[in-house]
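Close look at the chain arrangement
What follows is the residue order along each chain.
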Amino acid sequence: MNYTDPLQTHYFYRLKGFDHKWQNSDASRRFAHYNNLAPGNYTFEVYASNGGIATDNPVRTLQILILPPPWKSWWAWMLYIFALGGIVWITILVIGNRMRLRDALRIKELEKAKADELNYSKLQFFTNITHELLTPLTIISATVDELKMKSPGHGELYQTMTQNINRLIRLLQQILEFRKAETGNLQLKVAKGDLAAFTRNSLESFRPLIKKKQLHFSLIADPEILPAYFDFDKMDKILYNLLSNAAKYNEEGGTIWIELMRNEEKKW
């Protein structure tokens with residue numbers, strides 16, 4: 001270098017891979033500044049000239065390695081790939097579970113619809129059969145009434161036949177009411193009556209069965225007349241089930257005991 005007038009020195013430099021031509025700088029700016037360099041390998045070249053005289057060994061080189069930021073490193077990209085794969089996998093699982101749940105709900109809806117359709121068909125069948133049975137029972141009841149007029153000597157038998165025919169008619173009507181209950185249209189029909197007398201009348205239909213098994217029957221009502229509000233049809237069904245089980249499963253020569261009393265406890 002010529003040090004006689006160092007202010008006349010000029011510097012020429014370039015960064016291979018970034019600069020397309022040589023950059024010129026004078027003695028007042030003896031540095032090179034670069035920013036926003038992409039990651040990679042670069043070669044920095046520089047030479048000096050003083051008063052238009054180049055040096056004997058003008059070009060000096062410097063190898064520069066720019067590392068990528070942590071979020072752009074290879075392990076960061078691997079992490080991104082794994083995270084993306086995990087998100088895709090979880091999304092597939094969630095979608096699959098929702099589809100299975102939707103299919104399961106759909107199957108349950110179809111099963112419920114099929115069960116409802118089957119129940120409706122059964123109820124419709126029983127309703128039709130019930131209507132068909134009511135007609136012959138009505139004819140039998142009319143025939144018994146005619147026999148009473150022609151041969152009145154068997155009054156007790158006629159009474160038992162009539163009571164059981166009426167009970168069959170009520171049972172068939174209960175089947176019709178069951179369909180009303182299924183549709184939510186069944187209501188209690190409460191009326192005032194003598195519960196003790198109603199119970200005694202219900203017992204008369206069991207006289208033949210009681211006699212056949214030689215059962216002892218006892219009815220105690222305190223008081224003798226028990227006025228009450230109740231649904232005659234529902235109470236008849238309750239008494240019929242209780243007395244039927246008591247007569248069927250009782251030992252021969254056993255006892256059936258019924259006690260009716262008024263509850264004197266205070267009402268809330």
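Structural data are supplied above this passage.
These numbers come from a predicted model, not from an experiment.

Cut-offs applied
- Residues numbered from 1 in each chain as written.
- Predicted model: local features only at pLDDT ≥ 70, side-chain atom pairs only at ≥ 80, totals over all residues.
- Heavy atoms only, no water.
- Phe/Tyr/Trp six-rings, centres within 6.5 Å; stacked < 30°, edge-to-face > 60°.
- Buried < 20%, exposed > 50% of the residue type's maximum accessible area, 1.4 Å probe, protein only.
- Core = buried A, V, L, I, M, F, W, Y, C linked by side-chain atoms within 4.5 Å.
- Helix = DSSP H or I, 4+ residues; strand = E, 2+ residues; numbered from the N terminus.
- Axes fitted to C-alpha atoms, helices over the stretch in contact; angles between N-to-C directions.
- Parallel < 35°, antiparallel > 145°, perpendicular 65-115°, else oblique.
- Left-handed = near helix turned anticlockwise from the far one by under 90°.
- Contact = heavy atoms within 4.5 Å.
- Nonpolar A, V, L, I, M, F, W, Y, C, P; charged D, E, K, R; others polar.
- Arc of directions from axis to C-beta.
- Polar contact = N/O pair within 3.5 Å; in protein donor to acceptor, adjacent residues only side chain to side chain.
- Expected span 1.5 Å × (residues − 1).
- Salt bridge = Lys/Arg side-chain N within 4 Å of Asp/Glu carboxyl O.
- Patch = residues over 30% accessible without salt bridge, like charges linked within 9 Å, V, L, I, M, F, W, Y side chains within 5 Å.
- Areas by Shrake-Rupley, 256 points an atom, 1.4 Å probe, with all protein chains shown as cover.

**A short note on the packing of aromatic side chains**
Applying the stated criterion to the full structure yields 8 aromatic pairs. Arranged with centres 4.6 Å apart and planes meeting at 35°, the rings of F230 and F232 form a pair that is tilted. For F230, a relative accessible area of 6% corresponds to the buried category. Aromatic ring contacts, followed pair by pair, group F12, W22 and Y47 into a single cluster.

**Overview of the nonpolar core**
By size, the foremost hydrophobic cluster in this structure holds 16 residues, and its most contacted members are A196, L215, L226, L243, I256, I258 and L260. If you list the elements that add at least two residues to this core, you get α3 (195–203), α5 (232–248) and β9 (255–261). Considering each element in turn, this core owes the most residues, 4 residues, to α3. Counting 7 residues, the second largest nonpolar core, distinct from the first, contains V144, Y158, I165 and L172.

**Thoughts on the packing of α3 against α5**
Closest axis-to-axis distance for the α3/α5 pair is 10 Å, and the angle between their directions is 50°. Looking at the two axes, α3 sits oblique to α5. Handedness of the crossing formed by α3 with α5: right-handed. Each of L195, F198, T199, S202 and L203 in α3 lies in contact with α5, whose residues at this interface are F232, M235, D236, L239 and L243. For the contact of α3 with α5, the class distribution of residues is 7 nonpolar, 2 polar and 1 charged.

**Describing α3**
For α3, the set of buried residues is L195, A196, F198, T199, S202 and L203. Projected onto a plane normal to the axis of α3, the buried residues spread over an arc of 160° and lie on a single side. Measuring from the side-chain oxygen of the N-cap residue of α3 to the backbone nitrogen of A196 gives 3.2 Å; that N-cap residue is D194.

**A look at helix α1 (residues 74–150)**
In this model α1 runs 113 Å from its N-terminal to its C-terminal C-alpha over 77 residues, within 8% of the 114 Å that 1.5 Å per residue would give. What α1 keeps buried is the set A76, G96, L123, T127, T130, L134, L137, S141 and V144.

**Section: the pattern of salt bridges**
Applying the stated rule across the entire model yields 7 salt bridges. With its nearest N and O atoms 3.0 Å apart, the salt bridge here joins K112 to D116. You can see K112 and its partner D116 sitting in helix α1, 4 residues apart, about one turn around the helix. Of the residues examined, K112 reaches a relative accessible area of 53% and is grouped as exposed. Given the relative accessible area of 37%, D116 is considered partly exposed. A single network of salt bridges, built from pairs that share partners, joins R14, K16 and E45.

**Quick notes on a nonpolar patch on the surface**
Where nonpolar side chains cluster on the molecular surface, the patch consists of W74, W75, M78, I81 and F82 and spans about 660 Å² of accessible area. Turning to its location among the elements, W74 is positioned in helix α1.

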